[in-house]
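# A structural walkthrough
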Amino acid sequence: MKKSINMMELCLALIVFLQVHPQISAYSYDSEFYFDQKLDHFDKSNNKTWQQRYYYNDYYYTLQTEAGYPKVPLFLIVGGEKAVIDGGYTSNSPMYHFGIEYRALVMHLEHRYYGKSKPTANLSTENLKYLSSRQAIEDIVYFTDEMKKKFGMKCNNEVVLFGGSYPGALAAWARNMYPHKFSVAHASGAPIQAIFDFSGFSNVVRKSIELYDENCVSVIEQGAKKQQELMQTQDGLKNLTTKFKTCRPLEKDDLNKQAFFQKQISMISTVAQYNGTGTQDIPAMCKLLTEGYSDEDEPIDKLAKYVITTTKLTQNESCTGYNYHSNIKYLKETDWKEGGTSRQFLWQECTEFAWFLTSNQNSSLFANTLGTDFYIKQCADVFGDKFTKAFIEEEIKSTNSYYGGRRNYNQSKCLFTQGQLDPWQAAGITEDNDKKGYKALIMKNLGHVRDQEAESDSDPPELVEAREDIKKVLRGWIEAFNFGQNPNTIPPIDCGD
(Lines give C-alpha, C1' and ligand atoms only; values in the text may rest on other atoms or scores of the structure.)
Protein backbone atom coordinates (compact mmCIF):
# COMPACT_ATOMS: atom_id res chain seq x y z
CA MET A 1 0.00 0.00 0.00
CA LYS A 2 1.44 3.40 -1.02
CA LYS A 3 2.23 5.92 1.66
CA SER A 4 0.16 9.12 1.27
CA ILE A 5 2.10 12.26 0.42
CA ASN A 6 2.42 14.86 3.18
CA MET A 7 2.22 18.26 1.44
CA MET A 8 4.10 20.01 4.23
CA GLU A 9 7.00 17.55 3.89
CA LEU A 10 6.94 18.00 0.12
CA CYS A 11 7.17 21.79 0.41
CA LEU A 12 10.01 21.58 2.93
CA ALA A 13 11.85 19.14 0.68
CA LEU A 14 11.42 21.49 -2.29
CA ILE A 15 12.81 24.42 -0.29
CA VAL A 16 15.86 22.40 0.71
CA PHE A 17 16.35 21.26 -2.89
CA LEU A 18 16.23 24.82 -4.22
CA GLN A 19 18.76 25.94 -1.61
CA VAL A 20 21.17 23.19 -2.59
CA HIS A 21 20.40 23.33 -6.34
CA PRO A 22 19.48 26.94 -7.18
CA GLN A 23 17.97 27.34 -10.64
CA ILE A 24 18.48 30.11 -13.17
CA SER A 25 15.98 32.91 -12.74
CA ALA A 26 13.10 32.90 -15.19
CA TYR A 27 13.07 36.71 -15.04
CA SER A 28 14.66 38.84 -17.72
CA TYR A 29 16.81 41.54 -16.14
CA ASP A 30 17.25 43.72 -19.22
CA SER A 31 15.99 47.04 -17.83
CA GLU A 32 18.62 49.76 -17.83
CA PHE A 33 19.20 52.04 -14.87
CA TYR A 34 21.16 55.25 -14.43
CA PHE A 35 23.39 56.43 -11.63
CA ASP A 36 24.32 60.01 -10.71
CA GLN A 37 28.08 59.82 -11.27
CA LYS A 38 30.73 62.46 -10.58
CA LEU A 39 32.33 64.07 -13.63
CA ASP A 40 35.78 64.59 -12.12
CA HIS A 41 36.86 62.54 -9.10
CA PHE A 42 40.17 64.39 -8.80
CA ASP A 43 38.86 67.97 -8.70
CA LYS A 44 36.92 68.43 -5.47
CA SER A 45 35.70 71.84 -6.62
CA ASN A 46 33.95 70.29 -9.62
CA ASN A 47 30.44 69.31 -8.55
CA LYS A 48 29.16 68.35 -12.00
CA THR A 49 27.51 64.96 -12.42
CA TRP A 50 26.21 62.84 -15.28
CA GLN A 51 24.09 59.74 -15.79
CA GLN A 52 26.00 56.43 -15.93
CA ARG A 53 24.15 53.38 -17.20
CA TYR A 54 24.10 50.06 -15.38
CA TYR A 55 22.16 46.81 -15.16
CA TYR A 56 21.57 44.56 -12.20
CA ASN A 57 20.00 41.26 -11.15
CA ASP A 58 18.95 41.02 -7.51
CA TYR A 59 16.76 37.93 -7.76
CA TYR A 60 18.78 35.57 -5.55
CA TYR A 61 20.21 38.37 -3.46
CA THR A 62 16.74 39.52 -2.45
CA LEU A 63 15.63 36.00 -1.57
CA GLN A 64 18.55 35.47 0.79
CA THR A 65 18.58 38.91 2.41
CA GLU A 66 14.86 38.70 3.08
CA ALA A 67 15.54 35.35 4.74
CA GLY A 68 18.02 37.07 7.05
CA TYR A 69 21.37 36.00 5.58
CA PRO A 70 23.79 38.95 5.97
CA LYS A 71 26.87 37.91 4.00
CA VAL A 72 25.71 37.87 0.37
CA PRO A 73 28.34 39.32 -2.02
CA LEU A 74 28.18 41.82 -4.85
CA PHE A 75 29.51 40.54 -8.19
CA LEU A 76 30.37 43.64 -10.22
CA ILE A 77 31.11 43.20 -13.93
CA VAL A 78 33.23 46.08 -15.21
CA GLY A 79 32.38 47.69 -18.54
CA GLY A 80 34.92 48.81 -21.11
CA GLU A 81 35.32 50.24 -24.59
CA LYS A 82 31.89 49.27 -25.89
CA ALA A 83 28.27 49.65 -24.90
CA VAL A 84 26.66 47.49 -22.22
CA ILE A 85 23.51 46.20 -23.90
CA ASP A 86 20.37 44.52 -22.53
CA GLY A 87 21.92 43.30 -19.30
CA GLY A 88 23.06 40.03 -20.84
CA TYR A 89 25.93 39.60 -18.41
CA THR A 90 23.59 39.98 -15.44
CA SER A 91 21.24 37.20 -16.56
CA ASN A 92 23.21 34.86 -18.84
CA SER A 93 26.95 34.69 -18.30
CA PRO A 94 29.49 32.58 -16.39
CA MET A 95 29.70 35.37 -13.81
CA TYR A 96 25.94 35.31 -13.24
CA HIS A 97 25.74 31.53 -13.04
CA PHE A 98 28.68 31.40 -10.65
CA GLY A 99 27.04 34.13 -8.59
CA ILE A 100 24.01 31.90 -8.00
CA GLU A 101 26.19 29.77 -5.71
CA TYR A 102 26.55 32.81 -3.42
CA ARG A 103 23.10 34.32 -4.12
CA ALA A 104 25.08 37.33 -5.28
CA LEU A 105 23.76 40.70 -6.33
CA VAL A 106 25.06 40.87 -9.93
CA MET A 107 25.67 44.26 -11.54
CA HIS A 108 27.20 45.49 -14.79
CA LEU A 109 28.51 49.06 -14.98
CA GLU A 110 29.01 50.80 -18.31
CA HIS A 111 32.29 52.70 -18.81
CA ARG A 112 32.14 56.49 -19.10
CA TYR A 113 32.05 57.78 -22.70
CA TYR A 114 30.81 54.46 -24.14
CA GLY A 115 27.28 53.34 -24.97
CA LYS A 116 24.72 55.59 -23.29
CA SER A 117 27.08 56.76 -20.54
CA LYS A 118 27.76 60.25 -21.87
CA PRO A 119 29.38 62.61 -19.36
CA THR A 120 29.65 65.55 -21.77
CA ALA A 121 27.64 67.13 -24.57
CA ASN A 122 30.06 65.94 -27.24
CA LEU A 123 33.42 64.30 -27.82
CA SER A 124 35.53 67.41 -28.28
CA THR A 125 39.18 67.10 -27.34
CA GLU A 126 38.53 69.43 -24.41
CA ASN A 127 35.76 67.15 -23.13
CA LEU A 128 37.79 63.99 -23.59
CA LYS A 129 40.07 65.07 -20.75
CA TYR A 130 37.50 63.38 -18.50
CA LEU A 131 37.96 60.06 -20.31
CA SER A 132 40.65 57.97 -18.63
CA SER A 133 41.10 54.67 -16.87
CA ARG A 134 41.87 56.58 -13.66
CA GLN A 135 38.49 58.30 -13.74
CA ALA A 136 36.86 54.96 -14.66
CA ILE A 137 38.32 53.24 -11.59
CA GLU A 138 37.05 56.02 -9.36
CA ASP A 139 33.66 55.59 -11.06
CA ILE A 140 33.75 51.93 -9.99
CA VAL A 141 34.64 52.86 -6.41
CA TYR A 142 31.95 55.53 -6.03
CA PHE A 143 29.32 53.39 -7.76
CA THR A 144 30.11 50.42 -5.50
CA ASP A 145 29.88 52.51 -2.34
CA GLU A 146 26.52 53.95 -3.34
CA MET A 147 25.07 50.62 -4.53
CA LYS A 148 26.05 48.91 -1.28
CA LYS A 149 24.12 51.59 0.56
CA LYS A 150 21.15 51.29 -1.78
CA PHE A 151 20.89 47.53 -1.35
CA GLY A 152 21.55 47.53 2.38
CA MET A 153 24.99 45.94 2.19
CA LYS A 154 27.55 46.29 4.95
CA CYS A 155 31.27 45.71 5.50
CA ASN A 156 30.85 41.93 5.45
CA ASN A 157 29.27 41.94 1.98
CA GLU A 158 32.26 41.21 -0.24
CA VAL A 159 32.67 42.80 -3.67
CA VAL A 160 34.07 40.59 -6.43
CA LEU A 161 35.17 42.29 -9.67
CA PHE A 162 35.05 40.71 -13.13
CA GLY A 163 36.39 42.10 -16.39
CA GLY A 164 37.75 40.94 -19.72
CA SER A 165 40.37 42.68 -21.90
CA TYR A 166 40.62 46.39 -20.97
CA PRO A 167 37.87 45.97 -18.33
CA GLY A 168 39.95 43.10 -16.96
CA ALA A 169 42.81 45.53 -16.47
CA LEU A 170 40.42 47.92 -14.70
CA ALA A 171 39.27 45.11 -12.39
CA ALA A 172 42.87 44.14 -11.55
CA TRP A 173 43.92 47.77 -11.00
CA ALA A 174 40.90 48.48 -8.80
CA ARG A 175 41.68 45.43 -6.66
CA ASN A 176 45.31 46.55 -6.41
CA MET A 177 44.46 50.13 -5.45
CA TYR A 178 41.45 49.47 -3.21
CA PRO A 179 41.90 46.02 -1.61
CA HIS A 180 39.73 47.06 1.34
CA LYS A 181 36.80 47.67 -1.01
CA PHE A 182 37.28 44.87 -3.56
CA SER A 183 38.00 41.45 -2.06
CA VAL A 184 38.60 39.42 -5.22
CA ALA A 185 39.10 40.10 -8.93
CA HIS A 186 39.02 37.97 -12.07
CA ALA A 187 40.88 39.67 -14.92
CA SER A 188 40.61 37.83 -18.23
CA GLY A 189 42.93 38.75 -21.11
CA ALA A 190 43.90 41.89 -19.19
CA PRO A 191 46.65 44.09 -20.71
CA ILE A 192 47.95 45.69 -17.51
CA GLN A 193 51.18 46.93 -19.11
CA ALA A 194 50.97 50.01 -21.34
CA ILE A 195 53.34 49.47 -24.28
CA PHE A 196 54.43 52.04 -26.86
CA ASP A 197 55.86 49.68 -29.50
CA PHE A 198 53.74 46.55 -29.11
CA SER A 199 55.65 44.28 -31.48
CA GLY A 200 55.23 41.43 -28.98
CA PHE A 201 51.63 41.14 -30.11
CA SER A 202 52.57 39.71 -33.52
CA ASN A 203 55.08 37.35 -31.88
CA VAL A 204 52.19 35.64 -30.09
CA VAL A 205 50.15 35.65 -33.31
CA ARG A 206 52.98 33.69 -34.95
CA LYS A 207 53.09 31.10 -32.14
CA SER A 208 49.32 30.73 -32.14
CA ILE A 209 49.11 30.02 -35.87
CA GLU A 210 52.12 27.68 -35.66
CA LEU A 211 50.18 25.47 -33.25
CA TYR A 212 47.84 24.69 -36.13
CA ASP A 213 49.90 24.95 -39.31
CA GLU A 214 53.58 25.88 -39.69
CA ASN A 215 53.18 26.10 -43.47
CA CYS A 216 50.50 28.73 -42.94
CA VAL A 217 52.97 30.85 -40.95
CA SER A 218 55.51 30.46 -43.75
CA VAL A 219 53.03 31.77 -46.33
CA ILE A 220 52.25 34.84 -44.22
CA GLU A 221 55.90 35.49 -43.40
CA GLN A 222 57.23 35.04 -46.95
CA GLY A 223 54.32 37.01 -48.40
CA ALA A 224 55.05 39.89 -46.03
CA LYS A 225 58.76 39.87 -46.86
CA LYS A 226 57.97 40.08 -50.55
CA GLN A 227 55.66 43.02 -49.88
CA GLN A 228 58.44 44.72 -47.92
CA GLU A 229 60.73 44.26 -50.91
CA LEU A 230 58.18 45.53 -53.45
CA MET A 231 57.26 48.63 -51.47
CA GLN A 232 60.79 50.01 -51.91
CA THR A 233 60.21 51.00 -55.55
CA GLN A 234 57.45 52.68 -57.50
CA ASP A 235 57.13 49.70 -59.86
CA GLY A 236 56.91 47.39 -56.86
CA LEU A 237 54.12 49.48 -55.36
CA LYS A 238 52.24 49.32 -58.67
CA ASN A 239 52.63 45.55 -58.55
CA LEU A 240 51.19 45.48 -55.00
CA THR A 241 48.32 47.76 -56.01
CA THR A 242 47.34 45.37 -58.80
CA LYS A 243 47.98 42.11 -56.93
CA PHE A 244 46.00 43.09 -53.81
CA LYS A 245 43.34 45.10 -55.67
CA THR A 246 43.83 48.06 -53.36
CA CYS A 247 41.15 50.73 -53.30
CA ARG A 248 43.77 53.39 -54.07
CA PRO A 249 47.18 53.26 -55.74
CA LEU A 250 49.94 52.70 -53.19
CA GLU A 251 52.58 55.42 -53.18
CA LYS A 252 56.04 55.31 -51.60
CA ASP A 253 55.56 57.96 -48.90
CA ASP A 254 51.80 57.70 -48.75
CA LEU A 255 49.90 57.08 -45.52
CA ASN A 256 47.47 54.91 -47.46
CA LYS A 257 50.36 52.46 -47.93
CA GLN A 258 50.84 52.20 -44.17
CA ALA A 259 47.09 51.94 -43.70
CA PHE A 260 47.08 49.04 -46.18
CA PHE A 261 49.64 47.12 -44.10
CA GLN A 262 47.94 48.04 -40.82
CA LYS A 263 44.65 46.62 -42.11
CA GLN A 264 46.35 43.43 -43.29
CA ILE A 265 48.11 42.88 -39.96
CA SER A 266 44.87 43.50 -38.08
CA MET A 267 42.94 41.10 -40.30
CA ILE A 268 45.24 38.14 -39.62
CA SER A 269 45.89 38.98 -35.96
CA THR A 270 42.16 39.17 -35.24
CA VAL A 271 41.73 35.56 -36.33
CA ALA A 272 44.35 34.41 -33.83
CA GLN A 273 43.00 36.67 -31.09
CA TYR A 274 39.40 35.51 -31.40
CA ASN A 275 39.93 31.97 -32.66
CA GLY A 276 36.77 29.97 -31.98
CA THR A 277 34.56 33.04 -31.60
CA GLY A 278 32.01 33.63 -34.33
CA THR A 279 33.61 33.22 -37.76
CA GLN A 280 37.19 33.64 -36.52
CA ASP A 281 38.98 30.35 -37.11
CA ILE A 282 42.71 29.72 -37.57
CA PRO A 283 42.28 26.40 -39.47
CA ALA A 284 39.83 28.03 -41.90
CA MET A 285 42.21 30.94 -42.46
CA CYS A 286 45.12 28.61 -43.06
CA LYS A 287 43.09 26.55 -45.49
CA LEU A 288 42.51 29.67 -47.59
CA LEU A 289 46.21 30.49 -47.40
CA THR A 290 47.63 27.08 -48.25
CA GLU A 291 45.19 24.98 -50.27
CA GLY A 292 44.04 25.07 -53.90
CA TYR A 293 47.14 26.70 -55.41
CA SER A 294 49.45 25.63 -58.22
CA ASP A 295 53.21 25.18 -57.86
CA GLU A 296 53.68 28.50 -59.66
CA ASP A 297 51.78 30.47 -57.01
CA GLU A 298 54.09 32.43 -54.71
CA PRO A 299 53.33 33.11 -51.01
CA ILE A 300 52.48 36.72 -51.85
CA ASP A 301 49.86 35.51 -54.36
CA LYS A 302 48.28 33.30 -51.71
CA LEU A 303 48.31 36.12 -49.19
CA ALA A 304 46.75 38.50 -51.70
CA LYS A 305 43.96 36.06 -52.48
CA TYR A 306 43.25 35.64 -48.75
CA VAL A 307 43.11 39.39 -48.13
CA ILE A 308 40.85 40.00 -51.15
CA THR A 309 38.52 37.10 -50.29
CA THR A 310 38.26 38.01 -46.62
CA THR A 311 37.65 41.68 -47.36
CA LYS A 312 34.79 40.70 -49.66
CA LEU A 313 33.28 38.29 -47.12
CA THR A 314 33.56 40.51 -44.04
CA GLN A 315 33.11 44.00 -45.50
CA ASN A 316 31.45 43.34 -48.84
CA GLU A 317 34.20 45.40 -50.46
CA SER A 318 35.76 44.53 -53.80
CA CYS A 319 39.00 46.39 -53.02
CA THR A 320 41.39 46.24 -50.07
CA GLY A 321 43.00 48.72 -47.67
CA TYR A 322 41.38 51.97 -46.59
CA ASN A 323 41.69 55.70 -47.11
CA TYR A 324 43.80 57.10 -44.27
CA HIS A 325 42.57 60.67 -44.69
CA SER A 326 38.89 59.67 -44.82
CA ASN A 327 39.40 57.69 -41.64
CA ILE A 328 41.03 60.68 -39.94
CA LYS A 329 38.10 62.86 -40.99
CA TYR A 330 35.72 60.37 -39.36
CA LEU A 331 37.82 60.17 -36.18
CA LYS A 332 37.85 63.96 -35.85
CA GLU A 333 34.06 64.17 -35.71
CA THR A 334 32.96 65.13 -32.20
CA ASP A 335 29.24 64.31 -32.24
CA TRP A 336 28.06 61.23 -30.37
CA LYS A 337 27.45 58.33 -32.76
CA GLU A 338 25.24 55.33 -32.16
CA GLY A 339 27.63 52.47 -31.47
CA GLY A 340 30.67 54.63 -32.20
CA THR A 341 33.73 54.02 -30.03
CA SER A 342 36.71 54.61 -32.32
CA ARG A 343 37.45 58.21 -31.35
CA GLN A 344 37.12 57.48 -27.63
CA PHE A 345 39.41 54.47 -27.52
CA LEU A 346 41.94 56.12 -29.82
CA TRP A 347 42.07 58.92 -27.23
CA GLN A 348 42.82 56.39 -24.51
CA GLU A 349 45.51 54.78 -26.66
CA CYS A 350 47.14 58.12 -27.43
CA THR A 351 46.98 59.38 -23.83
CA GLU A 352 47.37 56.24 -21.70
CA PHE A 353 48.20 52.91 -23.29
CA ALA A 354 49.44 53.13 -26.90
CA TRP A 355 49.46 49.37 -27.59
CA PHE A 356 50.56 50.29 -31.11
CA LEU A 357 50.54 47.03 -33.07
CA THR A 358 53.74 47.29 -35.06
CA SER A 359 55.78 45.08 -37.35
CA ASN A 360 59.10 46.86 -37.68
CA GLN A 361 61.73 44.11 -37.81
CA ASN A 362 62.81 42.01 -40.79
CA SER A 363 62.29 38.93 -38.60
CA SER A 364 58.71 39.88 -37.67
CA LEU A 365 55.81 37.76 -38.91
CA PHE A 366 54.66 40.69 -41.05
CA ALA A 367 58.24 41.80 -41.89
CA ASN A 368 59.27 45.44 -41.57
CA THR A 369 56.06 46.97 -42.85
CA LEU A 370 54.60 49.12 -40.06
CA GLY A 371 56.23 51.28 -37.38
CA THR A 372 55.09 53.50 -34.54
CA ASP A 373 55.33 56.58 -36.77
CA PHE A 374 51.99 55.63 -38.37
CA TYR A 375 50.21 55.67 -35.00
CA ILE A 376 51.94 58.84 -33.79
CA LYS A 377 50.79 60.59 -36.97
CA GLN A 378 47.26 59.32 -36.40
CA CYS A 379 47.18 60.69 -32.84
CA ALA A 380 48.49 64.07 -33.97
CA ASP A 381 46.14 64.30 -36.96
CA VAL A 382 43.09 63.59 -34.78
CA PHE A 383 43.90 65.31 -31.48
CA GLY A 384 46.57 67.92 -32.20
CA ASP A 385 50.25 68.58 -32.73
CA LYS A 386 51.24 68.05 -29.09
CA PHE A 387 50.90 64.31 -29.66
CA THR A 388 54.52 63.73 -30.53
CA LYS A 389 56.54 60.59 -29.91
CA ALA A 390 58.04 62.12 -26.75
CA PHE A 391 54.61 63.18 -25.44
CA ILE A 392 52.99 59.77 -25.98
CA GLU A 393 55.96 57.92 -24.49
CA GLU A 394 55.73 60.11 -21.39
CA GLU A 395 52.01 59.32 -21.07
CA ILE A 396 52.77 55.58 -21.29
CA LYS A 397 55.44 55.94 -18.62
CA SER A 398 52.95 57.76 -16.39
CA THR A 399 50.37 54.98 -16.79
CA ASN A 400 52.82 52.24 -15.85
CA SER A 401 54.08 54.29 -12.91
CA TYR A 402 50.53 54.88 -11.67
CA TYR A 403 49.40 51.23 -11.86
CA GLY A 404 52.73 49.44 -11.51
CA GLY A 405 52.59 47.48 -14.76
CA ARG A 406 53.21 43.73 -14.85
CA ARG A 407 56.30 43.65 -12.68
CA ASN A 408 54.86 45.64 -9.80
CA TYR A 409 51.41 44.18 -9.44
CA ASN A 410 51.26 43.62 -5.70
CA GLN A 411 47.79 42.47 -4.71
CA SER A 412 46.58 39.01 -3.76
CA LYS A 413 43.31 37.32 -4.74
CA CYS A 414 43.43 38.43 -8.36
CA LEU A 415 43.11 35.70 -10.97
CA PHE A 416 44.61 36.50 -14.38
CA THR A 417 43.35 34.21 -17.15
CA GLN A 418 44.93 34.18 -20.59
CA GLY A 419 43.93 32.32 -23.71
CA GLN A 420 46.91 30.37 -25.04
CA LEU A 421 46.25 31.86 -28.49
CA ASP A 422 45.53 35.40 -27.31
CA PRO A 423 48.15 37.97 -28.42
CA TRP A 424 47.15 40.31 -25.58
CA GLN A 425 48.91 38.03 -23.12
CA ALA A 426 52.09 39.85 -24.20
CA ALA A 427 50.87 42.81 -22.10
CA GLY A 428 49.47 40.75 -19.24
CA ILE A 429 50.45 38.48 -16.36
CA THR A 430 50.96 34.84 -17.27
CA GLU A 431 52.56 33.33 -14.16
CA ASP A 432 51.51 32.82 -10.53
CA ASN A 433 53.15 34.82 -7.79
CA ASP A 434 52.74 32.87 -4.57
CA LYS A 435 54.54 35.52 -2.53
CA LYS A 436 52.13 38.27 -3.58
CA GLY A 437 49.17 35.92 -3.72
CA TYR A 438 47.83 36.32 -7.25
CA LYS A 439 47.38 33.51 -9.75
CA ALA A 440 47.54 33.11 -13.52
CA LEU A 441 45.81 30.49 -15.63
CA ILE A 442 46.67 29.77 -19.27
CA MET A 443 43.61 28.38 -21.07
CA LYS A 444 44.72 25.81 -23.64
CA ASN A 445 43.78 26.41 -27.29
CA LEU A 446 41.57 29.40 -26.44
CA GLY A 447 41.50 32.98 -27.65
CA HIS A 448 40.68 36.33 -26.09
CA VAL A 449 38.30 36.35 -23.07
CA ARG A 450 36.51 33.15 -24.10
CA ASP A 451 36.03 32.28 -20.42
CA GLN A 452 33.64 35.21 -19.86
CA GLU A 453 31.43 34.54 -22.89
CA ALA A 454 27.96 33.08 -22.36
CA GLU A 455 28.07 29.30 -21.98
CA SER A 456 26.98 27.14 -24.91
CA ASP A 457 26.50 23.42 -25.59
CA SER A 458 29.07 23.82 -28.38
CA ASP A 459 31.82 25.09 -26.03
CA PRO A 460 35.07 23.12 -26.55
CA PRO A 461 36.21 20.86 -23.69
CA GLU A 462 39.16 23.18 -22.97
CA LEU A 463 36.76 26.06 -22.30
CA VAL A 464 34.50 23.99 -20.06
CA GLU A 465 37.55 22.81 -18.10
CA ALA A 466 38.96 26.35 -17.83
CA ARG A 467 35.71 27.69 -16.37
CA GLU A 468 35.75 24.95 -13.72
CA ASP A 469 39.36 25.80 -12.87
CA ILE A 470 38.43 29.47 -12.55
CA LYS A 471 35.57 28.74 -10.18
CA LYS A 472 37.81 26.50 -8.09
CA VAL A 473 40.31 29.33 -7.58
CA LEU A 474 37.65 31.95 -6.86
CA ARG A 475 35.83 29.67 -4.41
CA GLY A 476 39.05 29.49 -2.41
CA TRP A 477 39.11 33.28 -2.09
CA ILE A 478 35.46 34.28 -1.69
CA GLU A 479 34.23 33.93 1.88
CA ALA A 480 31.45 31.42 1.33
CA PHE A 481 28.41 31.31 3.59
CA ASN A 482 26.47 28.25 4.64
CA PHE A 483 22.93 28.94 3.48
CA GLY A 484 21.81 25.81 5.30
CA GLN A 485 22.47 27.58 8.60
CA ASN A 486 19.53 29.05 10.47
CA PRO A 487 19.84 32.83 9.97
CA ASN A 488 18.53 33.40 13.50
CA THR A 489 21.72 31.82 14.87
CA ILE A 490 24.02 34.23 13.02
CA PRO A 491 25.61 36.81 15.35
CA PRO A 492 25.13 40.49 14.43
CA ILE A 493 27.82 42.15 12.33
CA ASP A 494 29.78 45.05 13.81
CA CYS A 495 31.13 47.25 11.03
CA GLY A 496 32.33 49.92 13.39
CA ASP A 497 29.78 52.42 12.08
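See the structure shown above.
Read on for an overview of the structure. (Residues numbered from 1 in each chain as written. Predicted model: local features only at pLDDT ≥ 70, side-chain atom pairs only at ≥ 80, totals over all residues. Heavy atoms only, no water.)

## Some thoughts on the sheet that holds strand 1 (residues 33-38)
Strands belonging to one sheet form pairs held by backbone hydrogen bonds; the direction of such a pair is parallel or antiparallel. Our working rule: By definition, two strands form a pair when at least two bridges between them are found by DSSP. Under the DSSP-based scheme used, a helix requires at least four consecutive residues in state H or I and a strand at least two consecutive residues in state E, with every element numbered from the N terminus. Fitted lines through C-alpha atoms serve as axes, helices being fitted only where they are in contact, and the angles separating the N-to-C directions of these axes extend from 0 to 180 degrees. In this analysis, two residues are considered to be in contact whenever any of their non-hydrogen atoms come within 4.5 Å of each other.
Across the sheet, which stays open at both edges, the eight strands sit in the order 1-2-4-3-5-6-11-12 with mixed pairing between neighbours. On the outer flanks of this sheet lie strand 1 and strand 12 (439-443), each paired with one strand and no other. Taking each pair of neighbouring strands and ignoring which way they run, the sheet shows an average axis angle of 25°. One ladder, built from four bridges, connects strand 2 (residues 49-57) with strand 4 (residues 105-109); its direction is antiparallel. Counted as the bridge partner of Tyr 55 is His 108 from strand 4. Relative to strand 1, helix 4 (residues 133-150) is tilted by about 125°, and along the sheet it contacts strand 1, strand 2, strand 3 (74-78), strand 4 and strand 5 (159-164).

## Quick look at the state of the cysteines
As a reminder of what qualifies: Note on terminology: disulfide denotes any pair of cysteine sulfur atoms within 2.5 Å. A 1.4 Å probe rolled over the protein chains alone gives each residue an accessible area, and that area as a share of the maximum for its type sets the label: buried under 20%, exposed over 50%, partly exposed in between.
All told, the structure shown has three disulfides when counted by the stated rule. Shown here is the disulfide that connects Cys 216 with Cys 286, its sulfur atoms set 2.3 Å apart. Measuring the twist about the S-S bond at about -85°, one finds the Cys 216-Cys 286 disulfide to be left-handed. Of this pair, Cys 216 sits in helix 7 (residues 214-230) while Cys 286 sits in helix 10 (residues 282-290), and the two are 70 residues apart along the sequence. Classification of Cys 216 by relative accessible area gives buried; the value is 0%. Cys 286 gets classed as buried once you look at its relative accessible area, which sits at 3%.

## Brief notes about unusual backbone geometry
Phi at Tyr 113 is positive, roughly 75°, even though this residue is not glycine. Here Tyr 113 shows up in the loop between strand 4 and helix 4.

## Quick notes on the side chain of Asn 275
So the rule is basically this: Counted as a polar contact is a pair of N or O atoms within 3.5 Å, where, for protein atoms, one must be capable of donating a hydrogen and the other of accepting one, and residues adjacent in sequence contribute only when both atoms are in side chains.
One can find Asn 275 in the loop between helix 9 (255-273) and helix 10. Engagement of the side chain of Asn 275 in a polar contact is seen with the side chain of Tyr 212, the distance being 3.2 Å.

## Structural notes on the nonpolar core
Short version of the rule: We define a nonpolar core as any set of buried Ala, Val, Leu, Ile, Met, Phe, Trp, Tyr and Cys residues linked to one another through side-chain atoms lying within 4.5 Å.
Judged by nonpolar contacts, the single largest core of 115 residues is most densely connected at Met 107, Leu 161, Ile 192, Ile 209, Leu 240, Met 285 and Phe 416. Among the elements that take part in this core, helix 9 stands out by supplying nine residues, more than any other. For Ile 192, the contacting residues outside a window of four places in its chain are Ala 169, Ala 172, Trp 173, Asn 400, Gly 405, Arg 406, Tyr 409, Phe 416, Ala 427, Gly 428 and Ile 429. Counting 22 residues, the second largest nonpolar core, distinct from the first, contains Ile 77, Tyr 102, Ala 466 and Ile 470.

## Quick notes on the packing of helix 6 (residues 200-210) against helix 7
Rule in force here: When an angle is under 35 degrees it counts as roughly parallel; over 145 it counts as roughly antiparallel; between 65 and 115 it counts as roughly perpendicular; any other value is oblique.
Closest axis-to-axis distance for the helix 6/helix 7 pair is 7 Å, and the angle between their directions is 140°. With respect to their mutual orientation, helix 6 and helix 7 come out oblique. Taken together, the residues of helix 7 that come into contact with helix 6 (itself represented by Arg 206, Ile 209 and Glu 210) are Glu 214, Cys 216, Val 217, Ile 220 and Glu 221.

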